Amino acid sequence: MNAKRSPAPARSRIDLVAIWVLAVVGLLALVVSAGVVLDENLRAYALCAEASSTLCPDGPWYSSMGLAFFGGIVVVTTGFFRGLRRYGRGRIGAWFPLAAIGAVAALTGIATVILLVTMPL
(Lines give C-alpha, C1' and ligand atoms only; values in the text may rest on other atoms or scores of the structure.)
Protein backbone atom coordinates (compact mmCIF):
# COMPACT_ATOMS: atom_id res chain seq x y z
CA MET A 1 0.00 0.00 0.00
CA ASN A 2 1.51 3.27 -1.10
CA ALA A 3 0.68 6.12 1.15
CA LYS A 4 0.72 9.41 -0.66
CA ARG A 5 2.44 12.22 1.09
CA SER A 6 0.84 15.60 1.00
CA PRO A 7 2.94 18.14 -0.85
CA ALA A 8 4.96 20.53 1.23
CA PRO A 9 3.54 24.04 1.44
CA ALA A 10 5.01 26.61 -0.86
CA ARG A 11 8.30 27.90 0.44
CA SER A 12 8.82 31.61 0.67
CA ARG A 13 12.01 33.25 -0.52
CA ILE A 14 11.51 35.88 2.15
CA ASP A 15 11.93 33.18 4.78
CA LEU A 16 15.21 32.04 3.21
CA VAL A 17 16.49 35.61 3.06
CA ALA A 18 15.43 36.12 6.68
CA ILE A 19 17.34 32.98 7.71
CA TRP A 20 20.53 34.24 6.06
CA VAL A 21 20.16 37.79 7.38
CA LEU A 22 19.47 36.60 10.91
CA ALA A 23 22.46 34.23 10.73
CA VAL A 24 24.74 37.14 9.80
CA VAL A 25 23.22 39.27 12.56
CA GLY A 26 23.80 36.34 14.93
CA LEU A 27 27.47 36.23 13.96
CA LEU A 28 27.75 39.96 14.60
CA ALA A 29 26.01 39.48 17.95
CA LEU A 30 28.53 36.75 18.72
CA VAL A 31 31.46 39.10 18.05
CA VAL A 32 29.89 41.84 20.17
CA SER A 33 29.17 39.31 22.93
CA ALA A 34 32.75 38.07 23.00
CA GLY A 35 33.96 41.67 23.04
CA VAL A 36 31.72 42.58 25.97
CA VAL A 37 32.84 39.55 27.98
CA LEU A 38 36.50 40.23 27.13
CA ASP A 39 36.08 43.83 28.29
CA GLU A 40 34.50 42.66 31.56
CA ASN A 41 37.34 40.16 32.02
CA LEU A 42 40.03 42.79 31.48
CA ARG A 43 38.28 45.21 33.80
CA ALA A 44 37.89 42.57 36.51
CA TYR A 45 41.53 41.49 36.28
CA ALA A 46 42.72 45.10 36.41
CA LEU A 47 40.67 45.68 39.56
CA CYS A 48 41.87 42.40 41.03
CA ALA A 49 45.50 43.26 40.38
CA GLU A 50 45.17 46.72 41.94
CA ALA A 51 42.99 45.84 44.91
CA SER A 52 44.56 42.79 46.44
CA SER A 53 47.87 41.11 46.87
CA THR A 54 46.37 37.69 46.18
CA LEU A 55 46.63 36.05 42.81
CA CYS A 56 43.71 36.43 40.46
CA PRO A 57 42.30 33.05 39.44
CA ASP A 58 42.20 31.97 35.80
CA GLY A 59 38.99 29.95 36.08
CA PRO A 60 36.59 32.85 35.55
CA TRP A 61 38.52 33.95 32.46
CA TYR A 62 38.37 30.57 30.75
CA SER A 63 34.82 29.73 31.77
CA SER A 64 33.28 33.07 30.82
CA MET A 65 35.16 33.46 27.54
CA GLY A 66 34.56 29.85 26.57
CA LEU A 67 30.87 30.12 27.34
CA ALA A 68 30.43 33.38 25.44
CA PHE A 69 32.57 32.55 22.41
CA PHE A 70 32.33 28.81 21.82
CA GLY A 71 28.81 28.55 23.18
CA GLY A 72 27.81 31.41 20.90
CA ILE A 73 29.36 29.71 17.87
CA VAL A 74 27.45 26.51 18.62
CA VAL A 75 24.16 28.35 19.14
CA VAL A 76 24.43 30.49 15.99
CA THR A 77 25.45 27.61 13.70
CA THR A 78 22.77 25.32 15.17
CA GLY A 79 20.11 27.98 14.69
CA PHE A 80 21.22 28.55 11.12
CA PHE A 81 21.22 24.89 10.13
CA ARG A 82 17.96 24.16 11.94
CA GLY A 83 16.37 27.09 10.13
CA LEU A 84 17.60 25.84 6.76
CA ARG A 85 16.36 22.35 7.55
CA ARG A 86 12.88 23.61 8.40
CA TYR A 87 12.88 25.75 5.27
CA GLY A 88 13.80 22.69 3.23
CA ARG A 89 10.81 20.87 4.68
CA GLY A 90 8.45 23.65 3.71
CA ARG A 91 8.04 25.24 7.12
CA ILE A 92 9.00 28.63 8.45
CA GLY A 93 12.61 28.45 9.58
CA ALA A 94 13.52 32.03 10.46
CA TRP A 95 12.56 31.51 14.11
CA PHE A 96 15.64 29.40 14.81
CA PRO A 97 18.29 32.02 13.91
CA LEU A 98 16.21 34.60 15.77
CA ALA A 99 16.16 32.39 18.85
CA ALA A 100 19.91 31.93 18.45
CA ILE A 101 20.42 35.68 18.77
CA GLY A 102 18.45 35.61 22.02
CA ALA A 103 20.54 32.67 23.21
CA VAL A 104 23.76 34.60 22.47
CA ALA A 105 22.45 37.45 24.61
CA ALA A 106 21.58 35.00 27.39
CA LEU A 107 25.04 33.40 27.19
CA THR A 108 26.60 36.86 27.47
CA GLY A 109 24.61 37.54 30.61
CA ILE A 110 25.50 34.16 32.13
CA ALA A 111 29.19 34.64 31.32
CA THR A 112 29.17 38.07 32.94
CA VAL A 113 27.44 36.73 36.05
CA ILE A 114 29.97 33.88 36.28
CA LEU A 115 32.77 36.40 36.09
CA LEU A 116 31.27 38.72 38.70
CA VAL A 117 30.47 35.92 41.14
CA THR A 118 33.81 34.12 40.96
CA MET A 119 36.24 37.07 40.95
CA PRO A 120 37.53 38.03 44.41
CA LEU A 121 37.03 41.79 44.31
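Rules and cut-offs
- Residues numbered from 1 in each chain as written.
- Predicted model: local features only at pLDDT ≥ 70, side-chain atom pairs only at ≥ 80, totals over all residues.
- Heavy atoms only, no water.
- Helix = DSSP H or I, 4+ residues; strand = E, 2+ residues; numbered from the N terminus.
- Buried < 20%, exposed > 50% of the residue type's maximum accessible area, 1.4 Å probe, protein only.
- Contact = heavy atoms within 4.5 Å.
- Areas by Shrake-Rupley, 256 points an atom, 1.4 Å probe, with all protein chains shown as cover.
- Salt bridge = Lys/Arg side-chain N within 4 Å of Asp/Glu carboxyl O.
- Expected span 1.5 Å × (residues − 1).
- Bend = angle between axes of the 7 residues up to and from the residue.
- Axes fitted to C-alpha atoms, helices over the stretch in contact; angles between N-to-C directions.
- Parallel < 35°, antiparallel > 145°, perpendicular 65-115°, else oblique.
- Nonpolar A, V, L, I, M, F, W, Y, C, P; charged D, E, K, R; others polar.
- pLDDT = per-residue confidence, 0-100.

1. Quick look at the overall build of the protein chain
From N to C terminus, the protein chain includes 3 helices and 0 strands. Each helix and strand of the protein chain, placed in order from N terminus to C terminus, yields the pattern α-α-α. Residues classed as buried in the protein chain amount to 31% of the 121 residues present. Here the contacts in the protein chain between residues at least 6 apart in sequence split such that 80% fall between residues at least 24 apart. Carbon and sulfur atoms form 71% of the exposed surface of the protein chain, whose accessible area is close to 8,000 Å².

2. Re the pattern of salt bridges
Under the criterion given, the structure shown has 2 salt bridges. Across the pair R43 and D39 runs a salt bridge, and its minimum N-O distance is 2.9 Å. You can see R43 and its partner D39 sitting in helix α1 (residues 13-51), 4 residues apart, about one turn around the helix. Measuring nitrogen to oxygen at the nearest pair gives 3.4 Å for the salt bridge that ties E40 to R43. Taken together, the residues E40 and R43, both in helix α1 and 3 residues apart, mark about one turn of the helix. On the basis of relative accessible area, R43 is assigned to the partly exposed category, the value being 45%. Here the residues in one salt-bridge network are D39, E40 and R43, joined through shared partners.

3. Some details on helix α2 (residues 59-88)
An α-helical segment advances 3.6 residues per turn. Residues three or four places apart therefore align on the same side. Spanning 30 residues, α2 covers 42 Å between terminal C-alpha atoms, matching the ideal 44 Å at 1.5 Å per step. G66 marks where α2 bends most, by close to 30 degrees. Residues of α2 that are buried: P60, S64, M65, A68, G71, G72, V76, G79, F80, G83 and Y87. Positive phi shows up at G90, right after α2, with a value of about 90 degrees.

4. Some words on the packing of α2 against helix α3 (residues 95-118)
Two elements in contact, α2 and α3, have axes separated by 8 Å at closest approach and are oriented at 170 degrees. Our classification of the angle between α2 and α3 gives roughly antiparallel. Class assignment of the residues belonging to the contact of α2 with α3 gives a composition of 16 nonpolar, 7 polar and 2 charged.

5. Here's the deal with the confidence of the model for the protein chain
Chain-level pLDDT for the protein chain is 87 on average; 86% of the residues reach the 70-or-more range. Confidence, expressed as mean pLDDT per element, reaches its minimum in the protein chain at α1 with 90 and its maximum at α3 with 93.

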